[in-house]
Amino acid sequence: MTEAPKISIKKSLTSRINELDPKNIPFGNIFSDHMFVVDYSDGQWQHPQIVPYGPLELSPATSALHYGQAIFEGLKAYKTSNGNLELFRPFENFKRLNRSAERLCMPEIPESLFFEGMIQLLKIDQNWILPNEGCSLYVRPFMFATDHYLGVRASLNYKFLIITSPAGSYFSEPLKVIVETKYVRAAEGGMGYAKAAGNYGVSIYPTLLAQKKGYHQIIWTDSKEHQYIEELGMMNFMCVINDTLLTPSLETNSILHGVTRDSILTIARDWGMKVEERKLSIKEVIAASDNGTLKEVFGVGTAATVASIFAIGYEGKDYILPTLDDSAFSRRAKQELYNIRNGHSPDHHNWIYKL
Ligand SMILES: *Cc1c(COP(=O)(O)O)cnc(C)c1O
């Protein structure tokens, strides 16, 4: 790691923590008292600071708003029962942020800046990490282009920020999803593997159409044939057929390399389960549903960790999945991730980063 950057700190005079009702935490619209901000200009990251959370002043010509050089990350900070602050595999988010930055011609964030900014911010706002079971502080690092310029080119100026938002225990009812055979989230050669703002913008309309038909989320398929499964909403897709855990491989560059995906695959392999990362056609999954070998379908990502699917709509028909009990792989894997985070299972792979 390069030398730690000097971060100037301006603390807020009052805290808004009392506005937070620990029993009822809505996702994503309450933010902790401070934020980390650093600007890129003249080829360098300049003047990192932690300041009270608040609005930014931007030119109407801010290039990110016009041409979409905007990327982000998402990870969670926890407080253990003995009061320690922890992050889950933050190095993976750091590396992915820089892979996204490269794809969008944005500058690399140095490791020391990313970690120092995040750690100091979390220490200052640690009251916002509730120790209650299932609670966490969602950490949102993001970067966008700030040139005041309407010409199309890689911006010369950027802002990198980290904001944080408290998250309650996230329980989601099993979801009903539909296989998308018209729209795409990302195409081969595009930026699907990058955590780019545009990948979200493009998915809102097809998701809304699916919701009007009574489905919660979309199973995205490949852009050429709409045959191969890519992702599930904004999560990675997994299923269990017979006793094998299956997930689309990352060979195509249209799938996001999820940290949760990797963690669950690792847990499955540690448990001696058969795991296949490969091209996975929707026809194969539907055939498995028809012949009774499809046991589980679920999405994996930081927000929900595991989101179960109870029905898949495909070519006008709904395929209903078996109900799960506690012996289901997805339930056990979700519990194991939770156990690793709170110290009830050993952290063999050094996933926990203590602050
Ligand atoms: C963030 C994201 C995921 C999940 O990644 P995690 O690192 O597990 O949170 C999956 N798919 C898409 C499209 C995403 O943006």
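Structure shown above.
Below is a summary of the structure that appears in this document. Everything numeric in this text was worked out from a predicted model, so none of it was measured.

**Considering the side chain of Gln 69**
Mapped onto the fold, Gln 69 is located in the loop between helix H1 (63-67) and strand E4 (70-72). Within the structure, the side chain of Gln 69 is placed 3.0 Å from the side chain of Tyr 158, a separation counted as a polar contact. Contact partners of Gln 69, with chain neighbours within four places excluded, come to Ser 63, Ala 64, Leu 104, Cys 105, Met 106, Met 143, Phe 144, Ala 145, Arg 153, Ala 154, Ser 155 and Tyr 158.

**Some remarks on helix H6 (residues 282-290)**
All buried positions along H6 are accounted for by Ile 282, Val 285, Ile 286, Ala 288 and Ser 289. One face of H6 carries all of its buried residues, which in axial projection span an arc of 160°. On its buried side, H6 packs onto strand E9 (175-179), strand E11 (229-232), strand E12 (235-241), strand E15 (294-301), strand E16 (305-314) and strand E17 (317-320). Remark: Gly 292 follows H6 within two positions and exhibits a positive phi of approximately 80°.

**Considering the environment of Ala 4**
With respect to the element layout, Ala 4 can be found in the segment before strand E1 (8-9). Looking at Ala 4, the relative accessible area reads 49%, which means it is partly exposed. C-alpha separation for the pair Ala 4 and Ser 112, spaced 108 residues apart in sequence, amounts to 5.7 Å.

**Remarks on the site of the ligand**
Taken together, 14 residues lie around the ligand, and Lys 195, Tyr 200, Glu 231, Thr 260 and Thr 302 are the ones closest in. Contacts to the ligand include Arg 96, whose side-chain N or O atom sits 2.8 Å from an oxygen atom. A distance of 2.8 Å separates an oxygen atom of the ligand from a polar atom in the backbone of Val 259. Burial of the ligand by the protein amounts to 96% of the accessible area it has alone, namely 380 Å². Going through the elements one at a time, E12 and helix H5 (259-270) are the ones with two or more residues in the shell around the ligand. Counted by class, the shell around the ligand contains 5 nonpolar, 5 polar and 4 charged residues.

**Notes on the environment of Tyr 78**
Examined against the element boundaries, Tyr 78 turns out to sit in strand E5 (residues 75-79). Looking at Tyr 78, the relative accessible area reads 12%, which means it is buried. Taking C-alpha positions, Tyr 78 is 42 Å from Leu 150, a pair spaced 72 residues apart along the chain. The residues touching Tyr 78, leaving out its near neighbours within four places in the chain, are Asn 84, Leu 85, Glu 86, Phe 88, Ile 129, Cys 135, Ser 136 and Arg 341. Among the polar contacts made by the side chain of Tyr 78, one reaches the side chain of Arg 341 at a distance of 3.2 Å.

**Quick look at the packing of aromatic side chains**
With the rule as written, the count across this model stands at 19 aromatic pairs. Taking the centre distance of 6.3 Å and the plane angle of 75° together, the rings of Phe 36 and Phe 160 count as edge-to-face. Taken together, the positions of Phe 36 in strand E2 (residues 34-41) and Phe 160 in strand E8 (residues 158-167) put the pair 124 residues apart, joining distant regions of the chain. The pair Phe 36 / Phe 160 is uniform in exposure class, with both members buried. On the numbers, 6.0 Å between centres and 85° between planes, the contact of Trp 271 with Phe 329 is edge-to-face. Here the residue Trp 271 occupies a position in the loop between H5 and strand E14 (274-278), and Phe 329 occupies one in helix H7 (residues 329-341), the gap between them amounting to 58 residues. An aromatic cluster is built from Phe 36, Tyr 40, Trp 45, Phe 91, Phe 94, Phe 114, Phe 115, Tyr 158, Phe 160 and Tyr 353, whose rings are joined through pairwise contacts.

**A few points about a nonpolar patch on the surface**
Nonpolar side chains collect at one region of the surface, where Tyr 67, Leu 150 and Val 152 lie side by side and expose about 330 Å² of accessible area between them. Position of Leu 150 among the secondary structure elements: in the loop between strand E7 (136-145) and E8. What makes Leu 150 exposed here is its relative accessible area of 52%.

**Topic: unusual backbone geometry**
Positive phi, close to 50°, is recorded for Asp 42, a residue that is not glycine. The residue Asp 42 is located in the loop between E2 and strand E3 (44-52) in this model. Looking at Asp 42, the relative accessible area reads 71%, which means it is exposed. Here Glu 315, not a glycine, exhibits a phi torsion of approximately 45°, which is positive. With respect to the helices and strands, Glu 315 occurs in the loop between E16 and E17.

**So, the nonpolar core**
Phe 36, Trp 45, Met 118, Met 143 and Phe 160 are the most contacted members of the largest nonpolar core, which totals 51 residues. Top contributing element to this core by residue count: helix H3 (residues 111-124), with 7 residues. Once residues lying within four places of it in the same chain are set aside, the contact partners of Trp 45 are Val 38, Asp 39, Tyr 40, Pro 107, Glu 108, Ile 109, Pro 110, Leu 113, Met 143, Tyr 158, Lys 159 and Phe 160. In terms of nonpolar packing, the next biggest core, distinct from the first, is built from 25 residues, Phe 237, Cys 239, Leu 246 and Leu 321 among them.

**Digging into the pattern of salt bridges**
Following the criterion strictly, the structure yields 13 salt bridges and no others. A salt bridge links Arg 89 to Asp 262; its shortest N-O distance comes to 2.9 Å. With a gap of 173 residues between them, Arg 89 in the loop between strand E6 (85-88) and helix H2 (90-103) and Asp 262 in helix H5 connect regions that are remote in the sequence. On the basis of relative accessibility, which here comes to 33%, the residue Asp 262 falls in the partly exposed class. Here Glu 277 and Arg 269 are joined by a salt bridge, their closest N and O atoms 2.9 Å apart. By sharing partners, the salt bridges in this structure join Arg 261, Arg 269 and Glu 277 into a single network.

About the cut-offs
- Residues numbered from 1 in each chain as written.
- Predicted model: local features only at pLDDT ≥ 70, side-chain atom pairs only at ≥ 80, totals over all residues.
- Heavy atoms only, no water.
- Helix = DSSP H or I, 4+ residues; strand = E, 2+ residues; numbered from the N terminus.
- Polar contact = N/O pair within 3.5 Å; in protein donor to acceptor, adjacent residues only side chain to side chain.
- Contact = heavy atoms within 4.5 Å.
- Buried < 20%, exposed > 50% of the residue type's maximum accessible area, 1.4 Å probe, protein only.
- Arc of directions from axis to C-beta.
- Near = heavy atom within 4 Å.
- Areas by Shrake-Rupley, 256 points an atom, 1.4 Å probe, with all protein chains shown as cover.
- Nonpolar A, V, L, I, M, F, W, Y, C, P; charged D, E, K, R; others polar.
- Phe/Tyr/Trp six-rings, centres within 6.5 Å; stacked < 30°, edge-to-face > 60°.
- Patch = residues over 30% accessible without salt bridge, like charges linked within 9 Å, V, L, I, M, F, W, Y side chains within 5 Å.
- Salt bridge = Lys/Arg side-chain N within 4 Å of Asp/Glu carboxyl O.
- Core = buried A, V, L, I, M, F, W, Y, C linked by side-chain atoms within 4.5 Å.

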